[in-house]
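# Understanding the architecture of this molecule
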Amino acid sequence: EQRSLYLRALADFDNYRKRADRDISDLSQRGRRDLLKRILPVLDNLARAEEFRERGTPPEQIIEGVIQTGKQLLAALAAENIRPIEVVGKPFDPSIAEAVATQPAGPDVADNTVIAEAAKGYYIGDDVLRPAQVVVAKSS
């Protein structure tokens, strides 16, 4: 009888684990779908830009549309608690940026200050999603 109860409890636990794994997978899939639904309009707008180019729309108007599409993408990312890391003009911080180059510090620029971005970095919540790639001022 004890063995039977043990085997039943073991089977119940295995069923619970499988159900929990399935629930976690479903929740993850739902989150991915929601994110992609927010991003797909950005893709639609980029396709429109291509159509406008083929129709002979002036480049300035297409560029303005692409800039607006970039803002739309940033808004979609902000809804997911993703925001850019602001580093230019601030002291270099290796916890949020990686130096990809150095340049001589100018007269008005302090040593070890970020003077340019090669690639923007992003936070997700309070964590670094991707560090910024930066150019750092160094005294000669």
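### Things to note about the overall build of the protein chain
Along the protein chain, the regular secondary structure elements total two helices and six strands. The order of helices and strands in the protein chain, counted from the N terminus, is α-α-β-β-β-β-β-β. When its C-alpha atoms are laid out on the principal axes, the protein chain stretches across 85 × 50 × 20 Å. Pairs at least 24 apart in sequence give 65% of the contacts found in the protein chain among residues at least 6 apart. Total accessible area on the protein chain stands at roughly 10,500 Å², and carbon and sulfur atoms take up 55% of it. Separation between the mean location of the 20 positive side-chain charges and that of the 22 negative ones in the protein chain comes to 7 Å.

### Comments concerning the sheet that holds strand β2 (residues 97–104)
If you trace the three strands from one edge of the open sheet to the other, you get β2-β6-β3, paired in mixed fashion. Unpaired on one side and paired on the other, β2 and β3 (114–119) mark the two borders of the sheet. The mean inter-strand angle of the sheet, taken between neighbouring strand axes irrespective of direction, is 30 degrees. With four bridges connecting them, β3 and strand β6 (residues 132–138) associate as antiparallel partners. Bridge pairing links Ala 116 to Val 135 in β6.

### Observations concerning the environment of Val 109
With respect to the element layout, Val 109 can be found in the loop between β2 and β3. For the pair Val 109 and Gly 89, spaced 20 residues apart in the sequence, the C-alpha separation amounts to 8.5 Å. When residues no more than four places from it in sequence are discounted, the contact partners of Val 109 are Ile 115 and Ala 137.

What counts and how
Residues numbered from 1 in each chain as written. Predicted model: local features only at pLDDT ≥ 70, side-chain atom pairs only at ≥ 80, totals over all residues. Heavy atoms only, no water. Helix = DSSP H or I, 4+ residues; strand = E, 2+ residues; numbered from the N terminus. Contact = heavy atoms within 4.5 Å. Areas by Shrake-Rupley, 256 points an atom, 1.4 Å probe, with all protein chains shown as cover. Lys, Arg positive; Asp, Glu negative; His and termini not counted. Charge placed at Lys NZ, Arg CZ, Asp CG, Glu CD. Pairing = 2+ DSSP bridges. Axes fitted to C-alpha atoms, helices over the stretch in contact; angles between N-to-C directions.

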